[in-house]
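Below, each chain spelled out in residue letters.
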Amino acid sequence: MTRRRQIYEGKAKILYEGPEPGTLIQYFKDDATAFNAQKKGTISGKGVLNNRISEHVFTLLGNIGVPTHFIRRLNMREQLIRQVEIVPIEVVIRNVAAGSLAKRLGLEEGLQLPRTIIEYYYKDDALGDPLVSEEHIACFGWASQEEMHDIADMAIRVNDFMSGLFAGVNVRLVDFKLEFGRVYDNDYSRIILADEISPDGCRLWDMTTNEKLDKDRFRQDLGGEVEAYQEIARRLGLLPEGENTVLDMAEHRKNRGK
Ligand SMILES: Nc1ncnc2c1ncn2[C@@H]1O[C@H](COP(=O)(O)OP(=O)(O)OP(=O)(O)O)[C@@H](O)[C@H]1O
Ligand SMILES: [Mg+2]
């Protein structure tokens with residue numbers, strides 16, 4: 001068997017060269033990190049669930065006309081994507097105070113924000129992904145004004161769509177992170193949605209009980225991480241009721257030694 005060329009290994013995913021130029025294969029690992037990788041662990045089965053959840057959300061976003069890198073899911077842990085030039089900005093959209101916003105401004109976690117906030121963080125692990133303003137982004141040329149306009153526009157659309165999607169299954173979309181990238185057609189480039197949308201990068205609370213159904217279970221040592229991700233997949237209709245087929249299959253493969 002020929003070995004595929006690995007392009008990049010991140011904390012949660014591996015990127016491999018795709019079958020055609022301009023494509024990549026995105027492999028979802030079970031590794032979990034928090035607090036800028038100071039806390040490390042694995043959530044067995046997470047990669048399988050995130051692959052499915054991200055496929056689902058990106059497909060729905062594509063259906064309403066949001067351009068994304070997603071092409072198709074290949075197997076349990078892999079999806080085919082368009083290669084982009086990543087804009088080195090993490091775009092965080094917040095509807096409810098939580099996490100670093102609550103801490104930074106001394107807000108009570110769970111406070112409904114009077115309006116949606118978009119924040120930008122410069123993607124640099126060594127610096128701990130610092131919060132930056134559009135001034136910094138323009139000053140250092142990380143993205144043009146036009147690109148930032150498109151990014152903010154898409155972020156709001158994705159937020160409106162996802163807030164409704166999750167509200168329909170009794171889940172509050174508290175906040176989430178997006179990454180965008182450039183694709184080039186001849187001399188022009190445009191911005192498309194990249195990376196993943198999964199409970200790794202979203203805060204998702206049960207609307208009735210406020211139970212956390214996302215990576216905060218790992219960050220805060222609450223336990224039941226994989227069950228929470230599974231619950232999100234189940235509510236989105238990605239797992240048969242009362243069953244756990246995706247994970248059972250993953251487990252089965254692992255036990256067989258691949
Ligand atoms: N379509 C794409 N084309 C190229 N790179 C992509 C694409 N989608 C996502 N990426 C990048 O691939 C990597 C995915 O790996 P992972 O999420 O594990 O990274 P990470 O450890 O979070 O690191 P980073 O700080 O770079 O995000 C990220 O660096 C992400 O920016
Ligand atoms: Mg990442």
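Computed from a predicted model, the values in this text were never measured in an experiment.

1. Considerations on the pairing of strand S13 (residues 188-194)
Next, step 1: With seven bridges connecting them, strand S12 (residues 171-185) and S13 associate as antiparallel partners. Counted as the bridge partner of Val183 is Arg190 from S13.
Next, step 2: Between S12 and S13, which follow one another and run antiparallel, lie two residues, and Asn186 among them has a positive phi close to 50°.

2. Some thoughts on the sheet that holds strand S2 (residues 13-17)
Next, step 1: Taken together, five strands build an open sheet; the order of strands is S1-S2-S3-S7-S6 and the sheet is antiparallel. Every interior strand has two partners, whereas the edge strands, strand S1 (6-9) and strand S6 (70-73), have only one. Going from strand to strand, the sheet's axes swing by 25° on average, the running direction of each strand aside.
Next, step 2: On top of the sheet, helix H1 (residues 46-63) reaches strand S3 (23-28), S6 and strand S7 (78-82); it is set at about 130° to S6, its chief contact.

3. With respect to the UniProt feature "domain: SAICAR synthetase/ADE2 N-terminal" (unreviewed entry) in the protein chain
Next, step 1: Cross-referencing UniProt, the feature "domain: SAICAR synthetase/ADE2 N-terminal" (unreviewed entry) maps to residues 6-235 in the present numbering.
Next, step 2: Its end C-alpha atoms 34 Å apart, residues 6-235 is made of 30% helix and 36% strand.

Cut-offs used in this document
- Sequence order as written defines the numbering, with residues in each chain counted from 1.
- Ligands are numbered from 1 and chains lettered from A, in the order in which they are written.
- For this predicted model, a pLDDT threshold of at least 70 governs which residues receive local features, and a threshold of 80 or more governs which side-chain atom pairs are given and counted, while totals over whole chains, interfaces and linings are taken from all residues.
- Values shown for side chains rest on all heavy atoms present in the structure; no hydrogens or waters enter the calculation.
- In this description, strands pair whenever DSSP reports at least two bridges between them.
- Secondary structure follows DSSP: runs of H or I at least 4 residues long count as helices, runs of E at least 2 residues long count as strands, and numbering of each begins at the N terminus.
- An axis is simply a line fitted to the C-alpha atoms; with a helix, the fit covers only the stretch in contact. Between two such axes, the angle follows the N-to-C directions and lies from 0 to 180 degrees.
- Any pair of residues with heavy atoms lying within 4.5 Å of one another is described as a contacting pair.
- UniProt positions are given in the numbering used here, feature names are shortened, and annotations may be inferred rather than shown by experiment.

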